[in-house]
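# Topology and contacts: notes
Below are the chains, spelled out letter by letter.
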Amino acid sequence: MVDISAKTATRRKAVATCDVTLSPQTLGLILSGTLPKGDVIATARIAGIMAAKKTADLIPLCHPLSLSSVSIDLAPADDKIAITAIVTTTGATGVEMEALTAVSVAALTLYDMCKAVDRGMHIDNIRLLHKSGGQSGEYNAR
């Protein structure tokens, strides 16, 4: 692991996103709450939050962090659900990996819960949108 002991603790924030493309019929089932596995949106949100908290257990050499907040938004559109994670902490290293892990696991959970009715789903555009805090300053995707 990288030695972060000399770094100053600052407020840090990361925002990541991804898309799950699916059929309009599957989206209708999700929104109506009629899928056999239950409430897809709520389950994916909880999975994303749990994943952010467990990132250091999943990603080798990633520092374990005490997170201040994790929020997961799942926004349905015509043929996709856009997933956004916002993660904050006050610490000596950033939370980009936590935000990226959160959207990834939320997307995988959505896929798992819907795969019986839509094998053609795909997960795309996993990316960091924003990061702030620390020595490298602010980053905003174009």
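Residues numbered from 1 in each chain as written. Predicted model: local features only at pLDDT ≥ 70, side-chain atom pairs only at ≥ 80, totals over all residues. Heavy atoms only, no water.

This part takes up the overall build of the chain. From N to C terminus, the chain includes four helices and five strands. Tracing the chain from N to C terminus, the helices and strands come up as β-α-α-α-β-β-α-β-β. Radius of gyration (C-alpha) of the chain: 16 Å, near the 14 Å computed for a compact globule of 142 residues. Expressed as lengths along the three principal axes of its C-alpha atoms, the size of the chain is roughly 50 × 30 × 20 Å. Relative to its 142 residues, the chain shows a buried fraction of 40%. At a minimum sequence separation of 6, the contacts of the chain that also span at least 24 residues come to 71%. Counting every atom, the chain has about 7600 Å² of accessible surface; 56% of that belongs to carbon and sulfur. (Helix = DSSP H or I, 4+ residues; strand = E, 2+ residues; numbered from the N terminus. Rg over C-alpha atoms; globule rule 2.2 N^0.38 Å. Buried < 20%, exposed > 50% of the residue type's maximum accessible area, 1.4 Å probe, protein only. Contact = heavy atoms within 4.5 Å. Areas by Shrake-Rupley, 256 points an atom, 1.4 Å probe, with all protein chains shown as cover.)

This part is about the nonpolar core. Membership of the largest hydrophobic core comes to 29 residues, with the highest contact counts inside it found for Leu22, Ile30, Ile72, Leu74, Ile81, Ile83 and Leu110. When contributions to this core are tallied by element, the ones reaching two or more residues are strand 1 (10–21), helix 1 (24–32), helix 2 (40–53), strand 2 (69–76), strand 3 (80–91) and helix 4 (96–114). Considering each element in turn, this core owes the most residues, eight residues, to helix 4. (Core = buried A, V, L, I, M, F, W, Y, C linked by side-chain atoms within 4.5 Å.)

Let us look at unusual backbone geometry. Phi is positive for Leu61, close to 70°, though the residue is something other than glycine. In this model, Asn125 sits at a positive phi of 60°, which is unusual for a non-glycine residue. For Asn125, the location among the structural elements is in strand 4 (residues 122–132). Judged by relative accessible area, which is 47%, Asn125 ranks as partly exposed.

Since the α-helix packs 3.6 residues into each turn, any two residues three or four apart lie on the same face. Over its 19 residues, helix 4 runs 27 Å from end to end, which matches the ideal 27 Å to within 8%, given 1.5 Å per residue. All buried positions along helix 4 are accounted for by Glu98, Ala99, Thr101, Ala102, Val103, Ala106, Ala107, Thr109, Leu110, Met113 and Cys114. (Expected span 1.5 Å × (residues − 1).)

Mapped onto the fold, Thr17 is located in strand 1. Judged by relative accessible area, Thr17 falls into the buried class, the value being 9%.

Another point: the pattern of salt bridges. Summed over all chains, the structure comprises four salt bridges. Residues Lys80 and Asp19 are paired through a salt bridge, measuring 3.7 Å at the closest nitrogen-oxygen approach. Note that Lys80 is positioned in strand 3 and Asp19 in strand 1, a separation of 61 residues in sequence. One salt bridge connects Asp112 with Lys37, and the closest N-O pair in it is separated by 3.1 Å. Within this pair, whereas Asp112 is found in helix 4, its partner Lys37 is found in the loop between helix 1 and helix 2, the two being separated by 75 residues in sequence. On the basis of relative accessible area, Asp112 is assigned to the partly exposed category, the value being 32%. Overlapping salt bridges bring together Lys37, Asp112 and Lys115 as one network. (Salt bridge = Lys/Arg side-chain N within 4 Å of Asp/Glu carboxyl O.)

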